[in-house]
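# Tertiary structure, described
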Amino acid sequence: MAEETKIIYHIDGEDTPYLVKIALPPESVTLADFKAAVNKPNFKYYFKQMDADFGFVKEEINDETTVLPEYNGRVVSWLEPAKGSDGSASDGGSMCTESMIDHQLNSSGGAQLPQFGCRGKSAIIYLSLQGSRYVF
């Protein structure tokens, strides 16, 4: 039986990780091999890596020819949406528009705070729910 590499990967915001097996030994699996196996465009790829100074860290790898870091014959990865692929702005600000917020509020019925499909590092959204103003 040919040697294979198990890669556990977490997708941004999901609780349960995924597993993919690549029919290559761990010392030869590259980012390109992993990307082909998971078929998730517009994501950033982070990998569990041992750092001599800090212990285990998440290292971003974006060179497709890089051999992935492995530990005990497997690779651990985190996939996060690349900026702009999930509605976030390239400068880290929010791309929520007033019409998006109004639509979400009207469709939520006002019973719960709606989930917005936009993000930002320092986004401030002013909402008006039943006449009251909330700042998040």
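Shown above is the structure to which this text applies.
Notes on the structure in this doc start here.

Looking now at helix 1 (residues 31-38). Looking only at helix 1, the buried set comprises Leu-31, Phe-34 and Val-38. Along helix 1, the residues classed as buried sweep out an arc of 65° about the axis, all on the same side. Contacts from the buried residues of helix 1 go to strand 1 (5-11), strand 2 (18-22), strand 3 (43-51) and strand 5 (74-81). Just downstream of helix 1, Asn-39 is the residue with a positive phi angle, here 50°.

With that out of the way, let us pick up the pairing of strand 4 (residues 55-60). Bridge count for strand 3 against strand 4 is six bridges, and the pairing is antiparallel. Considered in strand 4, the bridge of Met-50 is made with Phe-56. Between the end of strand 3 and the start of strand 4, which pair antiparallel, lie three residues.

Despite not being glycine, Asn-39 shows a phi value in the positive range, around 50°. Counting through the fold element by element, Asn-39 comes out in the loop between helix 1 and strand 3. Positive phi outside glycine occurs at Asn-42, with the angle close to 65°.

Across the sheet, five strands lie side by side as 2-1-5-3-4; this open sheet has mixed pairing. Bordering the open sheet on either side are strand 2 and strand 4, each of which pairs with just one other strand. Mean inter-strand twist for the sheet, computed between neighbouring axes without regard to direction, equals 30°. With five bridges joining them, strand 1 and strand 2 adopt antiparallel strand pairing. Bridge pairing in strand 2 places Lys-6 opposite Lys-21.

Procedures and definitions
Counting restarts for each chain, with residues numbered from 1 along the sequence as it is written. In keeping with the model being predicted, local features are shown solely for residues with a pLDDT of at least 70 and side-chain atom pairs are shown and tallied solely at 80 or more, while totals for entire chains, interfaces and linings include all residues. Calculation of side-chain values draws on the structure's entire complement of heavy atoms; hydrogens and water are dropped beforehand. Any residue under 20% of the maximum accessible area for its type is buried, any over 50% is exposed, and the rest in between are partly exposed; the area is computed with a 1.4 Å probe on protein chains only. In DSSP terms, a helix is any run of H or I states spanning at least four residues, a strand is any run of E spanning at least two, and both are numbered starting from the N terminus. It is the directions from the helix axis to the C-beta atoms that the arc portrays. Only heavy atoms matter for contacts: two residues are in contact if any of them lie within 4.5 Å across the pair. By the convention used here, strands pair only if DSSP detects at least 2 bridges between them. Simply put, an axis is a line fit to the C-alpha atoms, just over the touching stretch for a helix, and the angle between two N-to-C directions goes from 0 to 180 degrees.

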